[in-house]
Amino acid sequence: MKLSKVLWVLLSLCCYCVFINNHGVEGSHEVHPQYISHQAARVTQLHRTSYHFQPPRNWINGPMFYNGIYHLFYQYNPKGAVWGNIVWAHSISRNLIDWEALEAAIYPTDPYDINGCWSGSATILPGNRPAILYTGIDTQQRQVQNIAFPANLSDPYLTKWVKSSKNPLVAPDSSVNASAFRDPTTAWWLNGHWRIAVGGKHHKRGIAHLYRSRDFIKWVKAKHPLHSARHTGMWECPDFFPVPIYGENGLDTSATGRNVKHVLKVSLDLTRYEYYTIGTYNPSIDRYIPDNSSADGWDGLRYDYGNFYASKTFYDPPHNRRVLWGWANESDTSSNDTAKGWAGIQTIPRTLWLDKGIKQLIQWPIQEINTLRGQKFQVRNQELKTGEYVHIPEISAAQADVEVTFYVPSLEKAEEFDPRWVNAQDLCGMKGSTVQGGVGPFGLLTLASEHLEEYTPVFFRIFKTKDKHKVLMCSDAKSSSLRADVYKPSFAGFVNVDLKDGMLSLRSLIDHSVVESFGAGGKTCITSRVYPTMAVMKQAHLYAFNNGTEAVTIKKLKAWTMHTPQMN
């Protein structure tokens, strides 16, 4: 069979199923019956993002590239701004920036999905025919895997989809937990068979179940999983894909070879965070083995150390890249979500590749986002002494893109690192932006009010260990809002970076209620959702700051107002 190119589709909040516990099925998304079908009188714009993907109103939670068009399918509640009444909504784009909403693609209609149509992936079959595999909740409340095809391949927008009469294609057998069996991956082709992985768990062991098929209709469960790990719980939204050892290009999902590594990402229901490993896929035995440097579970690597979940990558053939999408849910209350008339956004798509050290992935916003840059302001060689703040004027600080490189002339004053500080988030909460250190904290104050009653700091703090320096990156929402009823965590991650030249870079994409930050060229990424009351619209400000005893220099800083694209 001729190997076809692979495409991908994502329902970014992949499958948050809610069932009755006395039937032995666990709920993994909070239900608010009073708000499920409650429409806001009008959509509030105060914290609504401008250049992140959102539908016009209500709750979302997630493209596929086909014949020159990107298709984004996502879970959507057409009747309210909380989870419920979920359909597969559908938007299209030619550049991943401007989006046009189409009619919804899939609704729960049949016994195999009457209680829910949740996440899935898509593959282009021979004949250039897309096929979507998705998880349905059947009449017995089991999670089963189904398939749908475009109703009309001559329709460039693939507006209508038809479910197969052979559904369900994959139902849980006696060895599978029927309440934890969801989110089929993009398929890959090898040695005469298609393969998919489906997320699951057995007791506390997380599992990527492996299935094979010759015709994409009849699927057979392998005797062993693709991979599993103890004490990790349910693996939601698994994603399995190859990355080249050399260079920044992407690879088709079916690629294998000597100069190829594989990545397995899972969304852990226990922690509500995502983790990935880098390892080796052995095609002869259909097993994935993480490298010794990659730990399974919540001690492992993360795409993003903030508000980021249910992500999915896809191979983008025109640009020869692998692109990552993630979902950033609200940190506001459900009643406020309902009142403002919307909830949930997609993060900016990110290009993803393997670091030269082959121990982690690098992420960077897709190049198309730069087309939204407008009014510009820049600073060069500006020293920041202890306690100094530099205002960044002439841009819209509530809707901005800022790139800054700091120069640290000396690391002598770096604080000693306590080996007990294993949790970066706890360390950030203890040593925030106002706690003076030796080298750092220094960075940006985003979405700040004029007199700093509110601000979201994104910053670095450098420590010293016996044989090297350790860099902490924080995005701390504690001071982001005067409101007391919103979630304001201190998100943080460590940055594996060489400081020999004294340079440390930071990029932040700021969009009213979201701050996406990329440290050291994308080695550590953190997304925060925030809800200021004063630092909004034209009252928002942007500052660079240093609160360490060691002076640092803004080697270069560029900031742009971001234009608003077409958004559904």
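Residues numbered from 1 in each chain as written. Predicted model: local features only at pLDDT ≥ 70, side-chain atom pairs only at ≥ 80, totals over all residues. Heavy atoms only, no water.

Trainee: Lay out the overall build of the chain with the relevant residues and their values.
Mentor: The number of helices and strands found in the chain is two helices and 38 strands. Counting every position in the chain, which comprises 568 residues, the buried fraction comes to 64%. For the chain, the computed accessible surface area is about 21500 Å², with 49% contributed by carbon and sulfur atoms. (Helix = DSSP H or I, 4+ residues; strand = E, 2+ residues; numbered from the N terminus. Buried < 20%, exposed > 50% of the residue type's maximum accessible area, 1.4 Å probe, protein only. Areas by Shrake-Rupley, 256 points an atom, 1.4 Å probe, with all protein chains shown as cover.)

Trainee: Quick rundown of the pairing of strand β21 (residues 321-328)? Include the residues and the values.
Mentor: Extensive coverage of β21 is indicated by the burial of eight of its eight residues. Side chains Arg321, Val323, Trp325 and Trp327 of β21 all project onto a buried face; the interleaved residues Arg322, Leu324, Gly326 and Ala328 project onto the opposite face, where all are buried too. As paired elements, strand β20 (residues 309-316) and β21 share six bridges and run antiparallel to each other. Of the residues in β21, the one forming a bridge with Phe314 is Val323. Between β20 and β21, which follow one another and run antiparallel, lie four residues, and Asn320 among them has a positive phi close to 50°. Here β21 pairs with strand β24 (residues 350-354) via three bridges, running antiparallel. By the bridge assignment, Arg322 is partnered in β24 with Leu352. For β21 and strand β23 (residues 345-346), the ladder comprises two bridges, and the chain directions are antiparallel. Bridged to Ala328 within β23 is Ile345. (Pairing = 2+ DSSP bridges.)

Trainee: An account of the side chain of Arg461 is requested, with residue identities and associated values reported.
Mentor: Inspection of the secondary structure puts Arg461 in strand β31 (residues 456-464). Among the polar contacts made by the side chain of Arg461, one reaches the main-chain carbonyl oxygen of Gly432 at a distance of 3.0 Å. Each residue touching Arg461, except ones within four places of it in the same chain, is listed here: Glu415, Lys431, Gly432, Val435, Gln436, Gly437, Val439, Gly440, Pro441, Lys470, Val471 and Leu472. (Polar contact = N/O pair within 3.5 Å; in protein donor to acceptor, adjacent residues only side chain to side chain. Contact = heavy atoms within 4.5 Å.)

Trainee: So, unusual backbone geometry: which residues are in play, and what are the values?
Mentor: For residues besides glycine, phi is generally negative; the peptide bonds are generally trans as well. In this model, Asn167 is joined to Pro168 through a cis peptide bond whose omega is -5°. Residue position: Pro168 is located in the loop between β9 (161-163) and β10 (181-182). For the bond running from Gly440 to Pro441, omega is 10°, close enough to zero to count as cis. You can see Pro441 is positioned in strand β30 (residues 439-448). A positive phi angle, close to 60°, is found at Asn128, a residue other than glycine. Following the sequence through the fold, Asn128 ends up in the loop between β6 (117-125) and β7 (129-137). Although it is not a glycine, Asp286 sits at a positive phi angle of roughly 55°. Mapped onto the elements, Asp286 comes out in the loop between β18 (273-282) and β19 (287-290).

Trainee: Pulling in residues and values, what's your account of the confidence of the model for the chain?
Mentor: This prediction gives the chain a mean pLDDT of 89; 88% of its residues lie at or above 70. Counting contacts from residues 1-29, a segment whose pLDDT is below 50, to residues more than four positions away or on other chains yields 132 contacts. Low pLDDT (under 50) marks residues 57-62, which in the prediction has 55 contacts with non-local residues, meaning those over four places away or in another chain. (pLDDT = per-residue confidence, 0-100.)

Trainee: So what's going on with the sheet that holds strand β34 (residues 503-511)? Residues and values would help.
Mentor: Strand pairing in a sheet relies on backbone hydrogen bonds. The paired strands run either parallel or antiparallel. The strand order β26-β38-β28-β34-β35-β36 describes an open sheet built from six strands, whose pairing is antiparallel. In this open sheet, the two strands that pair with only one neighbour each are β26 (373-384) and β36 (524-529). Strand after strand, the sheet turns through a mean of 15° between neighbouring axes, direction not considered. Alignment of strand β35 (residues 514-519) against β36, held across six bridges, turns out to be antiparallel. (Axes fitted to C-alpha atoms, helices over the stretch in contact; angles between N-to-C directions.)

Trainee: Help me get a handle on the pattern of salt bridges, residues and values and all.
Mentor: Side-chain pairing between opposite charges can occur once the charged atoms of the two side chains come close. Going through the model one piece at a time under the given rule, you end up with 26 salt bridges. Salt-bridge contacts for Asp138 lead to Arg142; the nearest nitrogen and oxygen are separated by 2.8 Å. Here Asp138 falls in the buried class, since its relative accessible area comes to 4%. When its relative accessible area of 24% is taken as the criterion, Arg142 is described as partly exposed. As a salt-bridge pair, Lys312 and Asp239 come within 3.2 Å of each other at their nearest N and O atoms. Of this pair, Lys312 sits in strand β20 while Asp239 is found in strand β16 (residues 235-244), placing the two residues 73 residues apart along the sequence. Considered together, Lys312 and Asp239 belong to a single accessibility category, that of buried residues. (Salt bridge = Lys/Arg side-chain N within 4 Å of Asp/Glu carboxyl O.)

Trainee: With reference to specific residues and values, describe the nonpolar core.
Mentor: In summary, soluble globular proteins display a tendency toward joint burial of nonpolar side chains. Leu226, Ile392, Phe442 and Leu557 are the most contacted members of the largest nonpolar core, which totals 60 residues. Residues contacting Ile392, with those up to four places away along its chain left out, are Phe377, Val379, Leu542, Tyr543, Ala544, Leu557 and Ala559. Among the nonpolar cores identified, the runner-up in size contains 25 residues, and Tyr76, Val87, Trp99 and Val323 belong to it. (Core = buried A, V, L, I, M, F, W, Y, C linked by side-chain atoms within 4.5 Å.)

Trainee: Quick one: what's the story with the packing of aromatic side chains, residue by residue and with numbers?
Mentor: One pass over the structure, following the stated rule, counts 28 aromatic pairs. When the ring of Phe53 is compared with that of Trp325, the centres are 6.5 Å apart and the planes differ by 80°; the resulting orientation is edge-to-face. No difference in accessibility class separates Phe53 from Trp325, as the two residues are buried. Geometrically, the ring pair formed by Trp194 and Phe216 is edge-to-face, given 5.5 Å between the ring centres and 90° between the ring planes. Here Phe216 lies in the loop between β13 (205-213) and β14 (220-221) and Trp194 lies in strand β12 (residues 193-202), a separation of 22 residues in the sequence. You'll find Trp194 and Phe216 in the same group, each marked buried. (Phe/Tyr/Trp six-rings, centres within 6.5 Å; stacked < 30°, edge-to-face > 60°.)

Trainee: Help me get a handle on the environment of Val422, residues and values and all.
Mentor: Mapping Val422 onto the fold places it in the loop between β29 (415-416) and α2 (424-430). A C-alpha to C-alpha distance of 9.6 Å links Val422 and Phe494, two positions 72 residues apart in sequence.

Trainee: Provide a residue-level description of the environment of Gly257, including the pertinent values.
Mentor: With respect to the helices and strands, the residue Gly257 is situated in the loop between β16 and β17 (260-268). Overall, the relative accessible area of 46% leaves Gly257 in the partly exposed class. In the structure, Gly257 is positioned 24 residues away from Tyr281 in sequence and 9.5 Å away in space, judged by C-alpha atoms.

Trainee: An account of the sheet that holds β18 is requested, with residue identities and associated values reported.
Mentor: On the basis of which strands lie adjacent, the open sheet formed by four strands has the order β16-β17-β18-β19 and antiparallel pairing. Two strands close off the open sheet at either side, each with one partner strand: β16 and β19. For this sheet, the mean inter-axis angle between neighbouring strands, taken without regard to orientation, is 40°. As defined by bridge partners, β17 adjoins β18 across seven bridges and the pair is classed as antiparallel. What sits directly across from Val266, in β18, is Tyr275.

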